[in-house]
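# Overview (structure and organization)
What follows is the residue order along each chain.
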Amino acid sequence: MQEPRPLIAALGPHYDKTRDLSWFVVRATAGGMLLVHGINKVLNVGVATFATNSMARRGIEPALAMAYVIFFLETIGAVCIILGLFTRLIAGMIFVEFLVIIFHAHWGGGFAGFNWNRQGGGWEYPLFWELIWLAILMRGGGPYSLDAKLGREL
């Protein structure tokens with residue numbers, strides 16, 4: 001499919017130069033936002049506390065093993081997304097994490113920490129992020145990524 005022509009033709013070269021860079025901005029922002037959550041969990045909560053107070057309390061078992069997976073995805077995985085390394089693999093794993101978050105928020109009573117949470121709500125924000133992870137999964141790292149530098153991706 002062809003890109004549309006800009007209404008102001010002089011902007012065309014600028015758009016051509018920044019098109020791929022815009023994908024890097026999306027990917028780096030998503031990874032950076034996730035990294036903030038991961039670092040907060042690592043520094044302020046701890047794996048065992050997170051497993052007990054967040055996972056097991058909500059019926060997600062094995063809580064400790066799943067807490068380690070989440071800690072990995074939200075720290076090391078987030079850095080991989082930012083760098084564009086193993087992008088599709090990590091985005092696919094985060095996609096699954098967010099599926100659990102969405103279904104729990106919708107059918108499991110929501111998350112108390114979400115300000116917009118109300119009866120039957122609280123799933124909208126995780127769904128927004130789920131669609132971002134889906135886009136990253138589908139597109140991969142793009143030209144500004146370590147995957148592109150390596151010349152291969154999963």
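Placed above this text is the structure.
Below is a short write-up of the structure. The structure displayed is predicted, hence computed values, not measured ones.

### What about the environment of Ile 39?
In this structure, Ile 39 sits in helix H1 (residues 12-45). For the pair formed by Ile 39 and Phe 71, sequence separation is 32 residues and the distance between their alpha carbons is 8.5 Å. Beyond its immediate sequence surroundings of up to four residues, Ile 39 is in contact with Asn 44 and Thr 75.

### Points about the nonpolar core
If you look at soluble globular proteins, the nonpolar side chains tend to sit buried side by side. Judged by nonpolar contacts, the single largest core of 16 residues is most densely connected at Leu 34, Ile 81, Ile 94, Phe 98, Trp 133 and Ile 136. Elements with a minimum of two residues in this core: H1, helix H3 (63-83), helix H4 (87-107) and helix H5 (124-139). If you tally residues by element for this core, the top one is H4, at 5 residues. Setting aside its immediate chain neighbours within four residues, Ile 81 contacts Arg 27, Gly 31, Thr 87, Ile 90, Ala 91, Ile 94, Trp 133 and Ile 136. In terms of nonpolar packing, the next biggest core, distinct from the first, is built from 8 residues, Phe 50, Ala 67, Ile 70 and Phe 71 among them.

### As for the pattern of salt bridges
For the structure shown, the criterion picks out 4 salt bridges. For Arg 19, the salt bridge is made with Asp 16, and the minimal N-O distance between the two is 3.3 Å. Of the two residues, Arg 19 and Asp 16 are both situated in helix H1; the distance of 3 residues between them amounts to about one turn of the helix. Across the salt bridge formed by Arg 88 and Glu 153, the nearest N and O atoms sit 3.0 Å from each other. Placement of the pair is Arg 88 in helix H4 and Glu 153 in the segment after helix H6 (146-150), with a sequence separation of 65 residues. Assessed through its relative accessible area of 23%, Arg 88 is described here as partly exposed. Bridged by salt links that share partners, the residues Glu 3, Asp 16 and Arg 19 form one connected network.

### Observations concerning the packing of helix H2 (residues 47-55) against H3
It is at 9 Å that the axes of H2 and H3 come closest, and there the two elements cross at 115°. Relative to H3, the element H2 lies roughly perpendicular. The two elements H2 and H3 meet at a crossing, and its hand is right-handed. Residue-level contacts link Val 47, Ala 48, Phe 50, Ala 51 and Met 55 of H2 to Ala 63, Leu 64, Met 66, Ala 67, Tyr 68, Ile 70 and Phe 71 of H3.

### Some points on H1
Between its terminal C-alpha atoms H1 stretches 49 Å, which fits the 50 Å expected from 34 residues at 1.5 Å a residue. In the structure, H1 departs most strongly from a straight axis at Arg 19, where the bend amounts to approximately 40°. Every buried residue of H1 is accounted for by Gly 12, Trp 23, Arg 27, Ala 28, Ala 30, Gly 31, Leu 34, Leu 35, Gly 38 and Lys 41. Gly 46 sits one or two positions beyond H1 and adopts a positive phi of about 90°.

Definitions and cut-offs
- Residues numbered from 1 in each chain as written.
- Predicted model: local features only at pLDDT ≥ 70, side-chain atom pairs only at ≥ 80, totals over all residues.
- Heavy atoms only, no water.
- Helix = DSSP H or I, 4+ residues; strand = E, 2+ residues; numbered from the N terminus.
- Contact = heavy atoms within 4.5 Å.
- Core = buried A, V, L, I, M, F, W, Y, C linked by side-chain atoms within 4.5 Å.
- Buried < 20%, exposed > 50% of the residue type's maximum accessible area, 1.4 Å probe, protein only.
- Salt bridge = Lys/Arg side-chain N within 4 Å of Asp/Glu carboxyl O.
- Axes fitted to C-alpha atoms, helices over the stretch in contact; angles between N-to-C directions.
- Parallel < 35°, antiparallel > 145°, perpendicular 65-115°, else oblique.
- Left-handed = near helix turned anticlockwise from the far one by under 90°.
- Expected span 1.5 Å × (residues − 1).
- Bend = angle between axes of the 7 residues up to and from the residue.

No statement about biological role is implied by the geometric values presented.
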